[in-house]
Amino acid sequence: MQEKQRQVYDLLEITNRQFNECNALYHAAAQRCGLSDAAFWVLYALCTTHEPQTQNRMAAEWGQPKQTLNSAVAAMVKKGLVELSPGKGAHSGKIVTLTDEGRALAARTVGPVIAAEQQAMTRQGLAEVEQNCRLTQRYLECLRQEFEAISAFP
């Protein structure tokens, strides 16, 4: 039993180091672009989605705190990078869209990041990337269930 527990700890360490390294790569990319992490992910989400994006939807889908994302969007509105428009329905929220200036900024900043990601996936092989996505999603589902089962954190 002790050997299995050690194996679990080793895998947890590797998994969490990889997760943190990935976050650090994107944080460094955002900094090189002169963007906050939240602004980077707003631009990224708007460039990669085919669906209208509200602030609430982006916060939920991209794991950003609502206040952080809303503050980033408000700053981007002031800079003329994005516009807000009413969504369909009473509680749908405001739809965030890029302005011409925002599209130009996105092309200079997140565009090269997306191209690098695509190149990395192609180099790794799409079948492996798909398998990794499925396995990571399964792990996240299991982890979410385990965290929800914790009645209270100390």
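Above this text sits the structure in question.
Residues numbered from 1 in each chain as written. Predicted model: local features only at pLDDT ≥ 70, side-chain atom pairs only at ≥ 80, totals over all residues. Heavy atoms only, no water.

Pairing within the open sheet is antiparallel, and its 3 strands lie in the order 1-3-2. Two strands in the sheet have a free side with no partner beyond their single neighbour: strand 1 (53–54) and strand 2 (82–86). Alignment of strand 2 against strand 3 (residues 94–98), held across 5 bridges, turns out to be antiparallel. Considered in strand 3, the bridge of Val82 is made with Leu98. On top of the sheet, helix 4 (residues 66–78) reaches strand 2 and strand 3; it is set at about 110° to strand 2, its chief contact. (Pairing = 2+ DSSP bridges. Helix = DSSP H or I, 4+ residues; strand = E, 2+ residues; numbered from the N terminus. Contact = heavy atoms within 4.5 Å. Axes fitted to C-alpha atoms, helices over the stretch in contact; angles between N-to-C directions.)

Take helix 5 (residues 100–108) next. Within helix 5, burial applies to Gly102, Leu105 and Ala106. For helix 5, the arc enclosing every buried residue in end-on projection is 100°, short of the 170-degree limit, so these residues lie on one face. Opposite its buried face, helix 5 presents the exposed residues Asp100, Ala107 and Arg108, each directed more than 90 degrees away. Considering only its buried residues, helix 5 is in contact with helix 2 (37–48), strand 3 and helix 6 (110–124). (Buried < 20%, exposed > 50% of the residue type's maximum accessible area, 1.4 Å probe, protein only. Arc of directions from axis to C-beta.)

A few words now on the state of the cysteines. Applying the stated criterion across every chain yields a total of 0 disulfides. You can see Cys22 has no disulfide; the closest cysteine sulfur is in Cys133, sitting 11 Å from it. (Disulfide = S-S within 2.5 Å.)

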